[in-house]
Amino acid sequence: MVATTVEQPFTIAKFPLSSWGFAIRVWLAIVLALFVSFWLQLESPTTAALTIFVLAEPTRGQALEKAGFRLLATVIGVTASIAITGLVSQARDLILAAFAVWFGVCIFAAKLLDGYRAYAAVLSGYTVGFIATQQIDNPQHVFESGMARGAAIAVGIVSIAVVNTLIFAPDRQSRLVAQLAAIHRRVREYARSAFCREAGNSTAFMALLGEIVALRPEIASIVPETSSGAVRSAAARSAAVALVAQLQAARTNGDPESKGSAWSAGEWLRRDHEVSEDLLAMRSARWPLRVWRAPLHRSYRAAAESGVRAATWFAIASTFYVWAGWPAAGVSLSFVALIAALGTITPNPRAFTAIALIGAPIAIVLTGILEFIILDGADAFPLLAIALAPFTVGSALLMTSKNLLWSSLGRVNLPYTLLILAPGNPQTYNPQAFLTTSLFIIVAAALLLAAQMLIPPVSDDKRRMWLLAEARRELQKGGRPNGETPEEATFRDASRIGQFLTAGGAQDSRALAEMLSCFDQSAILRLCDAKLIQLTGGPLAPLAGEAREAIVKRDTATLRAIAHRLREQAPQRKDSIEADIAACLVLTSNIVDRGGSVDSFRKAA
Amino acid sequence: MAHTFPELVIGGVLLAPFVSYLVMALIVIIVLRPLLHVVGFAKIFSHASVAELSLCVAILGLLMLLF
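Rules and cut-offs
- Residues numbered from 1 in each chain as written.
- Chains lettered and ligands numbered in written order.
- Predicted model: local features only at pLDDT ≥ 70, side-chain atom pairs only at ≥ 80, totals over all residues.
- Heavy atoms only, no water.
- Helix = DSSP H or I, 4+ residues; strand = E, 2+ residues; numbered from the N terminus.
- Rg over C-alpha atoms; globule rule 2.2 N^0.38 Å.
- Buried < 20%, exposed > 50% of the residue type's maximum accessible area, 1.4 Å probe, protein only.
- Contact = heavy atoms within 4.5 Å.
- Areas by Shrake-Rupley, 256 points an atom, 1.4 Å probe, with all protein chains shown as cover.
- Expected span 1.5 Å × (residues − 1).
- Salt bridge = Lys/Arg side-chain N within 4 Å of Asp/Glu carboxyl O.
- Core = buried A, V, L, I, M, F, W, Y, C linked by side-chain atoms within 4.5 Å.
- Buried area = accessible area lost by both parts, 1.4 Å probe.
- Polar contact = N/O pair within 3.5 Å; in protein donor to acceptor, adjacent residues only side chain to side chain.
- 1 Å grid on protein atoms, 1.4 Å probe; cavity = no way out; pocket = protein on both sides within 12 Å on 5 of 7 lines; lining within 4 Å.
- Points joined across faces, edges and corners; volume = space filled by probe spheres on them.
- Nonpolar A, V, L, I, M, F, W, Y, C, P; charged D, E, K, R; others polar.
- Axes fitted to C-alpha atoms, helices over the stretch in contact; angles between N-to-C directions.
- Parallel < 35°, antiparallel > 145°, perpendicular 65-115°, else oblique.
- Left-handed = near helix turned anticlockwise from the far one by under 90°.

Draft legend 1. A look at the overall build of chain B. Counting its regular elements, chain B contains 3 helices and 2 strands. Element order for chain B, N to C, with α for helix and β for strand: β-β-α-α-α. Here the C-alpha atoms of chain B give a radius of gyration of 15 Å, more than 25% beyond the 11 Å that 2.2 N^0.38 yields for 67 residues. The dimensions of chain B, computed from C-alpha atoms along their principal axes, are 45 × 30 × 15 Å. By residue count, 28% of the 67 residues in chain B fall in the buried class.

Laid out in structure tokens, this is it:
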């Protein structure tokens, strides 16, 4: 028996020290960004402060990676704004229609990507909202407005990069190594329990698969951390791909039909060795022996439908504003774009909009207190910095909370405070502007929620159904796109299971069983194909050809017969290539047979 | 004689000289990164991130001084 003690982190007001460090870094970066923006007399210091909020990530690498994508997406967004305004200037309805289409395209792209790439795609979308739509009555100012936004974002990025570096924001790579090593340990435990046929194996398998795939976007974020970041990231990516392969090998090894098979045990050991090698390469900042990509499953249908729905929400909101005929409604419309865009990269867009609507009045009251009671006409920068402290530190602390509601409220409160306060030099303290912006935010969130009630976001049930249909189709079609190795293709399948789990797949046991069956079959068929290539050019090549044909027809009886013939022709050694391939063919037949029974059960149901 | 800073003109739009220096410094850093990895730059310092930031500032300063 092993006794372990968990060290409790030092906390202040129930928040750990790391959360306080994060919150203070955010406040300092906002103050620095505002100071530099005022000093350079930039037109939109609020954007610089908002950039800090966007880049408020717990580690340095994540902040830098997101910064790069923010800059790139702003350039794309500004270019699109100029193009849209140039093409359809003087025609309000056409500009709005063009923007709705562009917005839909960006949401479509975001749904095909993950991590900060998805964020960059939605940012390209709502940047047009902030530039072209806000300047809808003054198209000649689109370029200047784009430049002002770009400059403010650059100031924000430099501010947070300097603050994160000088205040020693934690690096992601050390934690990532620990996380991957812990998963590796758990995969070994899983293999042991799988071999003993313990209950609940599928749940453990799913949990591990989900965790490995969830690390994918974070692996990319260690690249900008140090000069060896790219090498460590490549090693981490290879380790993640190898972990999925090892997990699959453990599952196959635990298969009742393959127990005791020297081949499957050998396969598991080989994978285990690969993961250890990759982890060692990552720790010592060396290139891994072979660099694997970690491809992501892209569901084009779900992405297209999300894009169309997002474009429709925007079109509904635009129609309402056109019909209402309010002055400066473009500002409110840009908030609709902002909330809709940020919502689509969360698992539940409608819940995000609801939180945005609930958080708005709270933020308005807090900002009112800050602007008209605490600051109340103050024009000294140190006073602004001190007055901002409780609001920014408080919101940033809430963002780190483990409670989803608190963290979401913190996440919406900080940008709202900055948007409504709109720090400027000199600060205007105009109650009318305060009320207008507050009203615009509430109307935008309420209107978007109404649009999302009318046309709901793509439901989880639909997403699961499409993912399952894609898995079935790919299994039938076979083959590997883009010259992927079997391991990379298995990782892509694993990412599909990860998406399936995110869409509430754990509750849908029948679909989950079929999804797993497709995963098992695809993995073993790819492995079998790779093994059969070893026979090419040899005396057994015709037999390999027959086996391939049998695989295409899913003819398991022929496969077993071929395995039998291979065994007869194999040398007496148990570990010969022929014996390995024979074992692989038998296992493939078993898994395909089992997959067939799952399929017939589904059809009967 | 005072040092004059060249202004970058793209399609008739004037860009501040500092922006072009910043972009050049960024390019130099990106090109230098594999080299820094080979010489083990990150292992020499206890706080590699601060050292790399200082290197960026030094390169930016040098570019402004020399060009």
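Don't stop here, the text continues.
Draft legend 2. Structural detail: the overall build of chain A. Assigned secondary structure in chain A consists of 23 helices and 2 strands. Overall, the C-alpha framework of chain A stretches about 90 × 55 × 40 Å when taken along its three principal axes. In chain A, which comprises 605 residues, the share counted as buried stands at 53%. Sequence-distant contacts in chain A: of pairs separated by 6 or more residues, those separated by 24 or more amount to 76%. Summed over its atoms, the accessible surface of chain A is roughly 26,900 Å², and 63% of this surface lies on carbon and sulfur atoms.

Draft legend 3. Representation of helix α18 (residues 460–477) of chain A within the structure. Residues and elements named next belong to chain A. A rise of 1.5 Å per residue sets the reference length of α18, with its 18 residues, at 26 Å; its end C-alpha atoms lie 25 Å apart and thus fit the reference within 8%. For α18, the elements touching its buried residues are α12 (300–324), α19 (486–502) and α20 (509–533). At the exit of α18 stands G478, carrying a positive phi of roughly 70°.

Draft legend 4. Up close: the pattern of salt bridges. All names here are of chain A. In total, this model carries 29 salt bridges over all chains according to the counting rule given. Close ionic contact of R496 with D493 constitutes a salt bridge, the shortest N to O distance being 2.9 Å. A residue pair is termed a helical-turn pair when its members lie 3 or 4 positions apart in one helix, as R496 and D493 do in helix α19 at 3 residues. On the basis of relative accessibility, which here comes to 2%, the residue D493 falls in the buried class. Put simply, R526 and D493 hold a salt bridge, and the shortest N to O gap is 2.7 Å. Separated by 33 residues along the polypeptide, R526 in helix α20 and D493 in helix α19 bring together distant segments of the chain. Like D493, R526 is buried.

Draft legend 5. Quick look at the nonpolar core. All names here are of chain A. Counting residues in hydrophobic clusters, the biggest one holds 94 residues, and the most contacted among them are V26, I30, F103, Y126, Y321 and Y416. Tallying contributions element by element places helix α5 (residues 115–133) first for this core, with 11 residues. Apart from the residues within four sequence positions on either side, Y416 is in contact with I339, A356, G359, A360, A363 and I441. Counting residues in hydrophobic clusters, the runner-up holds 75 residues, among them V177, I219, F491 and L532.

Draft legend 6. Spotlight on the interface of chain B and chain A. Listed as interface residues are 14 residues of chain B and, on the opposing side, 16 residues of chain A. For the chain B and chain A pair, buried surface summed over both sides reaches about 1,200 Å², with 67% attributable to carbon and sulfur atoms. Taken together, the connections running from chain B to chain A amount to 0 salt bridges. One can count 3 residue pairs in polar contact (both at pLDDT 80 or more) joining chain B with chain A. For the side of chain B that touches chain A, the secondary structure elements donating two or more residues are β2 (13–15), α1 (17–39), α2 (41–44) and α3 (48–66) of chain B.

Draft legend 7. Spatial organisation of the environment of A:I82. Residue and element names in this part refer to chain A. Mapped onto the fold, I82 is located in helix α3 (residues 60–87). Residue classification places I82 among the partly exposed residues on the basis of a relative accessible area of 37%. I82 has contacts with V142 and F143, leaving out every residue within four places of it along the chain.

Draft legend 8. Quick look at empty space enclosed by the protein. Residue and element names in this part refer to chain A. By the definition in use, this model includes 4 cavities of 30 Å³ or more. When its volume is computed, the largest cavity comes out at roughly 210 Å³. Secondary-structure elements contributing two or more residues to the lining of the largest cavity are α10 (229–253), α11 (262–283), α19 and α20. A per-element tally of the lining of the largest cavity places α10 first, with 5 residues. Looking at side-chain class alone, the lining of the largest cavity contains 7 nonpolar, 5 polar and 4 charged residues.

Draft legend 9. Representation of unusual backbone geometry within the structure. Residue and element names in this part refer to chain A. Of the consecutive residues N425 and P426, the connecting peptide bond is found in the cis state with omega at 0°. Within the element layout of this structure, P426 appears in the loop between α16 (404–421) and α17 (431–454). For Q41, which is not glycine, the phi dihedral falls at a positive 55°. Mapped onto the fold, Q41 is located in the loop between α1 (17–39) and α2 (45–54). Judged by relative accessible area, which is 70%, Q41 ranks as exposed. Unlike most non-glycine residues, Y429 shows phi in positive territory, near 50°.

Draft legend 10. Region of the structure containing the side chain of A:S589. Residue and element names in this part refer to chain A. Here S589 is to be found in helix α23 (residues 577–604). What makes S589 buried here is its relative accessible area of 0%. Of note is the side chain of S589, whose polar atom sits 2.7 Å from the backbone oxygen of L585. Sequence-distant contacts of S589, that is, excluding residues within four places in its chain, are made with T556, L559 and R560.

Draft legend 11. Summary view of the side chain of A:K66. Residue and element names in this part refer to chain A. Tracing the sequence through the fold places K66 in helix α3. Among the residues examined, K66 registers a relative accessible area of 10% and is labelled buried. With sequence-adjacent residues up to four places away left out, K66 is seen in contact with V54, L55, E57, Y116 and Y119.

Draft legend 12. Examining the packing of α1(A) against α2(A) more closely. All names here are of chain A. It is the contact of α1 with α2, at a shortest axis distance of 9 Å, that shows an interaxial angle of 155°. Taken together, α1 and α2 sit at an angle that is classed as roughly antiparallel. For the crossing formed where α1 meets α2, the hand is right-handed. Between α1, through V26, A29, I30, A33, L34, S37 and F38, and α2, the contact on the second element is made entirely by P45, A48, A49 and I52. The class makeup of the residues in the contact of α1 with α2 is 10 nonpolar, 1 polar and no charged.

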